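Listed here are the chains, written in short residue letters.
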Amino acid sequence: MALAPALAVAEAVIPMRSPDRAGPTCTASPCAASLCAALLCALLPLAASARDLPYGAVSDPAVRHCDALNWSTRHAEAASCYRLLADNGATPGERAEGAWALGDLSRANNLFRAAVGAHPDDAGLRVRWGELYIDSFQPQQALELFKEALQRDPHDAYAKVDSAAVLADEFESQADADLTPVLQDAAAPPGARLEGLLLAARVALEDSDATAAAPLIQSAGALASEAQLPQLEVYALRAALAQFQGGDGTAWIERAVREDPGFGDAYAVPAHFYDLRWRESEAIALYRKAILTQPNLWSAQVQLASCLLREDRVPEATALLQDAYRGDPYDPVTVNTLRLLDSLKKYDVLEYDRTPGGPLAGAPALILRISPDQSAVLAPYARRLAELALRTYSQRYRFQLREPVDVEIYPNHDDLAVRTEGLPGMGGELGVTFGYVVAIDSPGTREEGAFDWGSTLWHEMAHVFTLESTDFRVPRWLTEGLSVFEEWRTGPIKGIQIPEDVFAVLAQGRALPIAQLNRGFVRPQYPQQLVVSYMQAGLVCDFIDRRFGFDKLLALLHAFENTSDVSVALQRSLGLTAAQFDARFQADLMQRYGTLFAHIDAWQAARAAANAAAARSDWAVASDAAQRALGWLAQDVGEGSPYLALADVYAASGQRPRAIATLLDYWQRGGHDPQALRELAAGLHRDGHLDQAIAVLDSVNYVAPLDDELHGELGDWLLEAHRAQDALVEYRVAMALNPPDQASAHLRLARAEFALRALPEARREVLAALEIAPNFVPAQQLLLQLVGAHGGAGGAPNLYPR
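Quick look at the structure, then. Owing to the predicted nature of the structure, the values given are computational and were not obtained by experimental measurement.

### Side note on the overall build of the protein chain
Okay, step 1: Along its length, the protein chain carries 39 helices and five strands.
Okay, step 2: Looking at the 802 residues of the protein chain, the share that counts as buried comes to 59%.
Okay, step 3: Taking all contacts inside the protein chain whose residues are at least 6 apart in sequence as the whole, residues at least 24 apart take part in 61%.
Okay, step 4: Of the roughly 31,500 Å² of accessible surface on the protein chain, 52% is carried by carbon and sulfur atoms.

Okay, here's the thing in structure tokens:
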């Protein structure tokens with residue numbers, strides 16, 4: 001999906017501008033934390049005076065005059081001033097600032113290009129041009145301009161702060177390298193230092209670290225007061241800080257609005273932090289006030305729509321997005337979300353399990369939304385698994401849902417990315433949960449076996465219960481940890497599965513302290529850290545369950561209803577400080593995996609050697625290497641598992657029973673390679689283990705269900721086991737996949753219907769088979785059986801329709 005052009009003519013809107021900052025603001029959703037820095041959400045327009053150094057247009061008295069009018073809330077006069085500047089400014093830079101303030105981004109872009117061409121060594125012009133790119137949703141182009149500015153002036157504080165904001169999420173070490181010198185340089189322009197302090201404070205709050213944020217906000221306020229800079233953004237962050245500390249930020253919001261009655265971010269900033277913590281109702285209320293205060297704050301309108309979509313309030317969200325599009329037609333989040341909503345109208349909507357009583361009386365407990373080309377294939381398994389999850393989690397978490405769970409299954413990963421973050425190509429999530437709304441990738445979005453979509457659905461369904469039962473107060477690390485733990489313990493493919501590279505990181509002692517684990521999700525510092533954090537959180541929950549019991553795990557979950565402090569929650573639920581917990585968890589980790597950690601390089605080498613040797617049919621080397629690798633980690637059933645190489649060794653040497661036993665061990669531990677499981681199921685069936693063969697082949701449905709032969713064979717075995725109703729489900733799925741042998745597919749359906757004594761349906765299917773292949777003997781034989789089944793005193797009925 002192509003993005004809308006960012007630098008194009010927009011409607012004339014006067015954005016809130018600081019005297020040396022321009023452009024509207026933005027906020028990010030909980031599942032779009034990485035987008036926040038990319039769009040400079042960490043830097044709202046700041047109340048800063050004109051730059052202390054004469055950098056290009058920003059130092060021009062004419063620009064300062066217009067900005068001063070704008071920040072003194074004389075917006076009508078400011079608009080006239082900017083129009084005059086845009087038309088008659090003395091330099092291209094001045095005219096660019098005027099055009100930008102009026103919302104004419106395309107003209108501003110051309111004027112900045114001309115200004116930079118005329119003054120190629122002016123770092124300040126490049127910084128302002130980069131900020132224009134931020135305003136037009138192109139952070140990478142902005143980053144290049146900030147780098148060019150720093151090449152021309154390595155001390156440009158504004159370029160460093162802007163660069164740090166773009167890099168804050170994905171490359172934190174470089175972001176710190178850019179930001180720290182500004183914060184430590186007392187000679188840096190006060191406006192740049194203020195921006196740096198507010199950025200650092202905002203990052204700390206996004207990490208849920210109120211302790212670190214408080215002194216940063218205090219310093220920002222002191223600096224603004226000393227330098228006589230407006231403090232609107234400071235007040236907004238003080239309001240957000242008060243939320244984290246369990247207080248009420250209303251007084252700070254009111255103070256900001258008294259100073260500027262049109263400052264919508266007084267509400268939107270604290271709403272953003274409610275949003276990050278899934279506190280949708282509070283976020284929605286504040287975003288509504290932000291829009292009333294500043295009707296052209298389109299970013300707040302888009303975020304309000306996003307919150308409403310997470311509550312499945314589609315009509316209102318759509319209207320808000322359409323209005324935001326009219327105000328800012330170049331925001332790709334708005335454009336892509338509207339396109340996604342249009343496509344969702346075409347999805348099949350399937351409602352199940354209407355309950356007679358309780359909070360869902362008369363309403364469906366489960367709603368599936370699946371694209372029409374996949375609904376007949378995926379709905380049976382999604383329904384079966386989701387309904388099992390509802391029963392399982394209701395009992396385990398002792399919580400009854402108050403609304404139906406709405407599951408959306410996307411056939412295109414970019415659609416899920418838009419649902420999650422508003423942009424295609426963003427993020428690698430397999431699924432996401434917004435309260436009672438669950439969205440996941442279809443198994444068709446990746447190569448066969450690349451992910452087990454059933455475990456993804458199971459994972460996301462756990463979020464529904466952990467989020468709703470705590471009123472969304474559970475920290476990110478714990479809700480993710482519980483979902484991973486439930487995958488391992490109760491999911492459709494049970495067993496602890498930890499990727500090879502995660503073990504390598506843990507072996508280096510890089511597990512985060514429990515009090516900082518949230519940071520690994522919100523702001524990872526190295527490429528694998530997000531996955532490492534998921535696995536560590538799962539291991540933490542597994543440790544608590546084994547050592548303290550599941551009731552204590554629930555106690556920890558609910559402890560966060562009354563505190564956001566990890567140490568306090570641990571003390572109340574487990575009687576441990578955070579440091580004590582870290583020590584016990586680390587000891588348990590070493591007890592379970594210490595030998596592996598001590599031989600991590602040898603284990604990785606053995607895994608690689610086993611697979612390489614098996615690929616070249618060097619069975620002796622493959623056998624030795626696989627057994628050495630499994631000796632260090634018997635639970636090694638992930639990608640490239642030594643079990644698969646070892647099974648190949650046994651099969652090649654004619655030791656079929658050992659090959660089957662090896663694959664069975666692999667499956668029982670949670671291995672889910674589709675081809676390996678098909679081979680295992682076939683072997684079990686040949687050996688007469690029908691029920692076990694069915695269980696193995698059925699588990700493939702949660703990994704690679706888009707194979708008509710799988711469903712046909714599974715249906716045959718189910719029919720053999722006298723499970724005709726289950727066989728019928730498989731045959732219908734096989735037919736929905738449009739198999740090449742249509743006659744056989746119809747015959748299979750006929751046999752299942754016949755076994756269920758659904759004779760008219762069986763007749764219809766067998767006649768369909770014979771219409772395709774008139775000489776198809778098995779279909780002719782079944783037709784004779786149907787004639788006999790209809791026989792009696794009145795003679796055989798006419799099976800052929802008129």
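What follows continues from the structure just given.
### A look at the pairing of strand E5 (residues 437-441)
Both faces of the sheet carry side chains from a regular strand, because those side chains alternate between them.
Okay, step 1: With five of its five residues buried, E5 lies for the most part within the structure.
Okay, step 2: Residues Val437, Ala439 and Asp441 line one face of E5 and the alternating positions Val438 and Ile440 line the opposite face, and both faces are buried.
Okay, step 3: With five bridges connecting them, strand E3 (residues 405-410) and E5 associate as parallel partners. Within E5, the position partnered with Ile409 by the bridge is Ile440.
Okay, step 4: Both strand E4 (residues 431-434) and E5 contribute to a ladder of four bridges, which runs antiparallel. The partner of Val432 across the bridge, within E5, is Ala439.

### Focus on the environment of Trp667
Okay, step 1: Mapped onto the elements, Trp667 comes out in helix H32 (residues 656-668).
Okay, step 2: Taking the C-alpha atoms as reference, Trp667 lies 8.4 Å from Ile493; in sequence the two are 174 residues apart.
Okay, step 3: Here Trp667 is in contact with Leu677, Leu680, Ala695, Val696 and Ser699, once residues within four sequence places are set aside.
Okay, step 4: A distance of 3.1 Å separates polar atoms of two side chains, one belonging to Trp667 and the other to Ser699.

### A look at the state of the cysteines
Okay, step 1: According to the stated counting rule, one finds one disulfide in the structure shown.
Okay, step 2: At a sulfur-sulfur separation of 1.9 Å, the disulfide partner of Cys66 is Cys81. Measuring the twist about the S-S bond at about -75°, one finds the Cys66-Cys81 disulfide to be left-handed. Taken together, the residues span a long stretch of sequence, with Cys66 in helix H2 (residues 61-71) and Cys81 in helix H3 (residues 75-88) at a distance of 15 residues.

### A short note on helix H22 (residues 476-490)
Okay, step 1: Taking 1.5 Å of rise per residue, 15 residues should cover 21 Å, and H22 covers 21 Å from first to last C-alpha, within 8% of that figure.
Okay, step 2: By the criterion of burial, H22 is predominantly enclosed, with 13 of the 15 residues buried.

### As for the side chain of Asp406
Okay, step 1: With respect to the secondary-structure elements, Asp406 resides in strand E3.
Okay, step 2: Residue contacts for Asp406: discarding those within four places in its chain leaves Asp312, Ile367, Arg369, Tyr436, Val437 and Val438.

### Focus: helix H8 (residues 157-167)
Okay, step 1: By the criterion of burial, H8 is predominantly enclosed, with eleven of the eleven residues buried.
Okay, step 2: Buried within H8 we find Ala157, Tyr158, Ala159, Lys160, Val161, Asp162, Ser163, Ala164, Ala165, Val166 and Leu167.
Okay, step 3: Of the residues flanking the start of H8, the one acting as N-cap is Asp156, its side-chain oxygen 3.0 Å from the backbone nitrogen of Tyr158.

### As for the pairing of E3
Okay, step 1: With six of its six residues buried, E3 lies for the most part within the structure.
Okay, step 2: The side-chain alternation of E3 yields two buried faces, one formed by Val405, Val407 and Ile409 and the other by Asp406, Glu408 and Tyr410.
Okay, step 3: By the bridge criterion, five bridges tie strand E2 (residues 364-370) to E3 in an arrangement that is parallel. Across the sheet, residue Leu368 finds its bridge partner in E3, namely Val407.

### Side note on the packing of helix H11 (residues 210-226) against helix H12 (residues 232-244)
Okay, step 1: Between H11 and H12, the shortest axis-to-axis distance is 10 Å and the interhelical angle comes to 155°. What the angle tells us is that H11 and H12 run roughly antiparallel. Taken as a pair, H11 and H12 cross one another with a handedness that is left-handed. Contacts from Ala210, Ala213, Ala214, Ile217, Gln218, Ala220 and Gly221 in H11 reach Val234, Leu237, Arg238, Leu241 and Phe244 in H12.
Okay, step 2: Of the residues assigned to the contact of H11 with H12, the class counts are nine nonpolar, two polar and one charged.

### Remarks on the pattern of salt bridges
Okay, step 1: According to the stated counting rule, one finds 43 salt bridges in the structure shown.
Okay, step 2: Ionic pairing is found between Glu480 and Arg476, a salt bridge with its closest N-O pair at 3.0 Å. With Glu480 and Arg476 both in helix H22, this residue pair falls four residues apart, about one helical turn.
Okay, step 3: Shared partners join several salt bridges into a network, and the residues in it are Arg489, Asp542, Asp545, Arg546, Arg547, Asp588 and Arg592.

### Some thoughts on the packing of aromatic side chains
Okay, step 1: Applying the stated criterion across every chain yields a total of 21 aromatic pairs.
Okay, step 2: Between the aromatic rings of Phe521 and Tyr534, the centroid separation amounts to 5.1 Å while the plane-to-plane angle is 70°, which identifies the pairing as edge-to-face. Highlighted residues: Phe521 in helix H24 (residues 517-522) and Tyr534 in helix H25 (residues 529-548), separated in sequence by 13 residues. Each member of the pair, Phe521 as well as Tyr534, is classed as buried.
Okay, step 3: Arranged with centres 5.9 Å apart and planes meeting at 65°, the rings of Phe543 and Phe585 form a pair that is edge-to-face. Taken together, the residues span a long stretch of sequence, with Phe543 in helix H25 and Phe585 in helix H28 (residues 578-598) at a distance of 42 residues. No difference in accessibility class separates Phe543 from Phe585, as the two residues are buried.
Okay, step 4: The rings of Tyr393, Tyr397, Trp458, Phe465, Phe485 and Phe550 are connected pair by pair, giving a single aromatic cluster.
Okay, step 5: The positively charged end of Arg277 is found above the aromatic ring belonging to Phe244, 4.2 Å away from the centroid.
Okay, step 6: For Arg396, the ring lying beneath its charged end belongs to Phe550, and the centroid distance is 4.2 Å.

Conventions and cut-offs
- Residues numbered from 1 in each chain as written.
- Predicted model: local features only at pLDDT ≥ 70, side-chain atom pairs only at ≥ 80, totals over all residues.
- Heavy atoms only, no water.
- Helix = DSSP H or I, 4+ residues; strand = E, 2+ residues; numbered from the N terminus.
- Buried < 20%, exposed > 50% of the residue type's maximum accessible area, 1.4 Å probe, protein only.
- Contact = heavy atoms within 4.5 Å.
- Areas by Shrake-Rupley, 256 points an atom, 1.4 Å probe, with all protein chains shown as cover.
- Pairing = 2+ DSSP bridges.
- Polar contact = N/O pair within 3.5 Å; in protein donor to acceptor, adjacent residues only side chain to side chain.
- Disulfide = S-S within 2.5 Å.
- Expected span 1.5 Å × (residues − 1).
- Axes fitted to C-alpha atoms, helices over the stretch in contact; angles between N-to-C directions.
- Parallel < 35°, antiparallel > 145°, perpendicular 65-115°, else oblique.
- Left-handed = near helix turned anticlockwise from the far one by under 90°.
- Nonpolar A, V, L, I, M, F, W, Y, C, P; charged D, E, K, R; others polar.
- Salt bridge = Lys/Arg side-chain N within 4 Å of Asp/Glu carboxyl O.
- Phe/Tyr/Trp six-rings, centres within 6.5 Å; stacked < 30°, edge-to-face > 60°.
- Lys NZ or Arg CZ within 6 Å of the ring centre and 35° of its normal.

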